[in-house]
Amino acid sequence: MKLYWSDVLSPRKACAVAKYLQSPVEYAYLDLARGEHKTPEYLVLNPNGKVPTLVDGARTLWEADAIMCHLAARADSGLWPQDDRQIEVIRWLSWDLAHFYRSGGTLYFEYIIKQRFGLGSVDPVEVKQATDEWRRLASVLDGHLRDRHWLVGGGITIADFAVAATLPYAQRAHIPLDEFPNVRRWHDRLSELEAWRDPFPALAAAA
Ligand SMILES: N[C@@H](CCC(=O)N[C@@H](CS)C(=O)NCC(=O)O)C(=O)O
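Residues numbered from 1 in each chain as written. Predicted model: local features only at pLDDT ≥ 70, side-chain atom pairs only at ≥ 80, totals over all residues.

### Overview of the packing of helix α4 (residues 85-117) against helix α5 (residues 124-144)
Packed helices, taken two at a time, are described by their axes: the angle between them and the distance between them.
Okay, so step 1: Packing of α4 against α5 brings their axes to within 9 Å, and their N-to-C directions diverge by 145°. Once α4 is placed against α5, the crossing between them reads as left-handed. Judged by residue contacts, His99, Phe100, Ser103, Gly104, Thr106, Leu107 and Glu110 of α4 engage Glu126, Val127, Ala130, Thr131, Glu133, Trp134 and Leu137 from α5. (Axes fitted to C-alpha atoms, helices over the stretch in contact; angles between N-to-C directions. Helix = DSSP H or I, 4+ residues; strand = E, 2+ residues; numbered from the N terminus. Left-handed = near helix turned anticlockwise from the far one by under 90°. Contact = placed C-beta atoms within 7 Å.)

### A few points about the domain arrangement of the chain
Interface size is commonly expressed as the accessible surface area that is lost when the partners come together.
Okay, so step 1: Each assigned domain of the chain is listed here: domain 1 (2-79) and domain 2 (85-193).
Okay, so step 2: Just the C-alpha atoms count here: the centres of domain 1 and domain 2 sit 21 Å apart.
Okay, so step 3: Of all the secondary-structure elements, those providing two or more residues to the side of domain 1 that touches domain 2 are α1 (9-21) and α3 (64-74).
Okay, so step 4: Element by element, the count of residues in the side of domain 1 that touches domain 2 is highest for α1, at six residues.
Okay, so step 5: Class assignment of the residues belonging to the side of domain 1 that touches domain 2 gives a composition of nine nonpolar, one polar and three charged. (Domains from an automatic or database assignment. Nonpolar A, V, L, I, M, F, W, Y, C, P; charged D, E, K, R; others polar.)

### As for the packing of α1 against α3
Okay, so step 1: Between α1 and α3, the shortest axis-to-axis distance is 8 Å and the interhelical angle comes to 10°. By the angle class used here, α1 and α3 are roughly parallel. Residues Ser10, Pro11, Lys13, Ala14, Val17, Ala18 and Leu21 of α1 form the contact with α3, whose participating residues are Ala64, Ile67, Met68, Leu71 and Ala72.
Okay, so step 2: In terms of residue class, the contact of α1 with α3 is built from 10 nonpolar, one polar and one charged. (Parallel < 35°, antiparallel > 145°, perpendicular 65-115°, else oblique.)

### Topic: the environment of Gly104
Okay, so step 1: Within the secondary structure, Gly104 sits in helix α4.
Okay, so step 2: For Gly104, a count of 28 C-beta atoms within 10 Å puts it in the buried group.
Okay, so step 3: Here the alpha-carbon distance between Gly104 and Arg135, two residues 31 residues apart in the chain, equals 9.8 Å.
Okay, so step 4: Residues within four places of Gly104 in sequence aside, it is in contact with Trp134, Thr166 and Ile175. (Buried ≥ 20, exposed ≤ 12 C-beta atoms within 10 Å, placed from the backbone.)

Structure follows, in structure tokens:
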């Protein structure tokens, strides 16, 4: 398997799961600043021109959540449960992509990506909107995690890897994580995993 990645948000999910599962992956770094994700060769694999992308034999997959599912299914891992919990996992993946990841991702973009790639200054209107929305969503998550260790069932699943994706950047992206103690504790628990703390192969400094 070959995993095309860069040291940014969406590939972080795929890299973390690949490291956690010790998946037999060959890593291919793409330098976004040099447009390596927009070359004709790469666009054949991923016509969106985005990272990550996984190639596993005849199968080419893009979308980080689908890649996490594939890696977990291939390893026969409970990260992608094969019973009724799967529906709960999909619920959290959907909630995340439609809502939570968007507001956290906006703050990540405003405070980290803009500066890193020279894309201009922080937009206070975007920041205010995203921060308000993030707080509203985080209170839903905080309530769910009040008496739970993980999002679904009794063990870690890809839902945890997905929903937490922006949280390692909380401080630098001005995400008010500390206001939500159950979310904070859950993320601290996740951060006990080396694969979560340090998901990227050695090469580039994480953004
Ligand atoms: N929904 C996609 C999002 C992929 C995505 O937006 N990746 C960003 C990095 S986090 C990217 O490749 N940005 C470069 C660009 O859009 O030019 C996924 O989860 O894989």
